[in-house]
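Understanding the architecture of this molecule
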Amino acid sequence: MHATQGRSAGLGLALVSAFAFGGSGVAAKPLIEAGLDPLHVVWLRVAGAALVMLPVAWRHRNLVRERPALLAGFGLFAVAGVQACYFAAISRIPVGVALLVEYLAPALVLGWVRFVQRRPVTRAAAVGVVLAVGGLACVVEVWAGLGFDAFGLLLALGAACCQVGYFVLSDQGGRGQEADGPGAEQAEPPHPVGVIAYGLLGGALVLTVVARPWGMDWGILGAHAAMNGHAVPAWLLLGWIVLLATVLAYLTGVVSVRLLSPQVAGVVACLEAVIATVLAWVLLGEHLSAPQLVGGTVVLAGAFIAQSSAPRPPSGPVASGPGAPGLPEGESADGDVSTGAGGGLSGRPSAP
């Protein structure tokens, strides 16, 4: 019962995260059209969220000493890497192509789990990934861009790899460090909100070097930006990007990864592209075509199949401990990795 509730909560948080992340482009596009450079918008997004999370970072300052590698990984890959690679990619190749390549991340996560961690994955999760990626190709209308820049594709693939780091690090961050000595207890896992705070701080530092915000036209933030014919204060759009599309999105995203698993949460995250397209339709007047509607339905179907693919617990007596006799923790008798709460890929307790 508790596993089912935890899984439902994880799915709900993953959807909230997808909605929050999906709204970032809708809020950012009017700012870019008003004259801000895309990398400057990214820097404002991450730096603003880092300022909001400063009190949290101070409260969890012990993490700098205890888990420096995890914090550096979050800042470099989960925050700065994804954003910088994606915005650099769309300067060279069509946005739809870059977005599709970036959202190959769920398939790459599945490959990481299967071939690097050498853990089995359910067939339904694999089918869900295939459906989600195929549907996403229709949503972004990948056929609309026919001229591909090799370096641009490489940058988009870099964004996908950094997004893999986001899901894997979110899962790894739920594990405690192994204690030294025989019989010693495992240390408690780091506080997820503290990890996010330092990830944003690290990402802001990296992006400062890349974006060079001292050359930004700051006056734009005091003016208005056009959103589908309506004048909207630029500071309001920036607040949307910082508070909803970054702080809320990262918090709910990491928690959902820990309640589900990297590969399942990764597939649900594909809904971000669908949500972004729908919000652009409603708020920016960018209408959906029939293939996009069909593709969105396929993405939803793939996400549903993947998130409902956790194996059933084995029937019959179960030995003491969370797994069947002779099986690793979190693995069921039929050889599949459990993705329920408390099991997942790491037997984690219970958010980029």
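Thresholds applied
- Residues numbered from 1 in each chain as written.
- Predicted model: local features only at pLDDT ≥ 70, side-chain atom pairs only at ≥ 80, totals over all residues.
- Heavy atoms only, no water.
- pLDDT = per-residue confidence, 0-100.
- Contact = heavy atoms within 4.5 Å.
- Core = buried A, V, L, I, M, F, W, Y, C linked by side-chain atoms within 4.5 Å.
- Buried < 20%, exposed > 50% of the residue type's maximum accessible area, 1.4 Å probe, protein only.
- Helix = DSSP H or I, 4+ residues; strand = E, 2+ residues; numbered from the N terminus.
- Phe/Tyr/Trp six-rings, centres within 6.5 Å; stacked < 30°, edge-to-face > 60°.
- Lys NZ or Arg CZ within 6 Å of the ring centre and 35° of its normal.
- Axes fitted to C-alpha atoms, helices over the stretch in contact; angles between N-to-C directions.
- Parallel < 35°, antiparallel > 145°, perpendicular 65-115°, else oblique.
- Left-handed = near helix turned anticlockwise from the far one by under 90°.
- Nonpolar A, V, L, I, M, F, W, Y, C, P; charged D, E, K, R; others polar.

**Looking at the confidence of the model for the chain**
Counting all residues, the mean pLDDT for the chain is 74, and 76% of those residues have values of 70 or more. Of the regions scoring below 50 in pLDDT, residues 178-184 engages in four contacts with residues more than four places distant in sequence or in other chains. Residue range residues 310-352 is modelled with pLDDT below 50. Its contacts to residues more than four positions away, or to other chains, number 89 contacts.

**Describing the nonpolar core**
Residues L36, L136 and L200 are the most contacted members of the largest nonpolar core, which totals 94 residues. The greatest single-element share of this core, amounting to 11 residues, is contributed by helix 5 (residues 68-89).

**A word on the packing of aromatic side chains**
Within the structure shown, the criterion is met by two aromatic pairs. Taking 5.2 Å as the distance between ring centres and 85° as the angle between the ring planes, the aromatic pair formed by F21 and Y250 counts as edge-to-face. With F21 in helix 1 (residues 2-33) and Y250 in helix 11 (residues 234-259), this pair connects stretches of sequence that are 229 residues apart. Judged on exposure class, the residue F21 and its partner Y250 are both buried. Taken together, a centroid distance of 6.1 Å and an interplanar angle of 90° make the contact between W43 and W218 edge-to-face. Highlighted residues: W43 in helix 2 (residues 38-52) and W218 in the loop between helix 10 (192-211) and strand 1 (224-227), separated in sequence by 175 residues. When its relative accessible area of 16% is taken as the criterion, W43 is described as buried. Its guanidinium or amino end placed over the ring of W58, R61 lies 4.2 Å from that ring's centre, counting from NZ or CZ.

**Here's the deal with the packing of helix 10 against helix 11**
It is the contact of helix 10 with helix 11, at a shortest axis distance of 10 Å, that shows an interaxial angle of 135°. Compared by their axis directions, helix 10 and helix 11 come out oblique. Judged by the twist between their axes, the crossing of helix 10 over helix 11 is right-handed. Between helix 10 and helix 11, the residues in contact are P192, V193, I196 and L200 and T246, Y250, L251, V254 and R258, respectively. Looking at the contact of helix 10 with helix 11 residue by residue, the classes come out as seven nonpolar, one polar and one charged.

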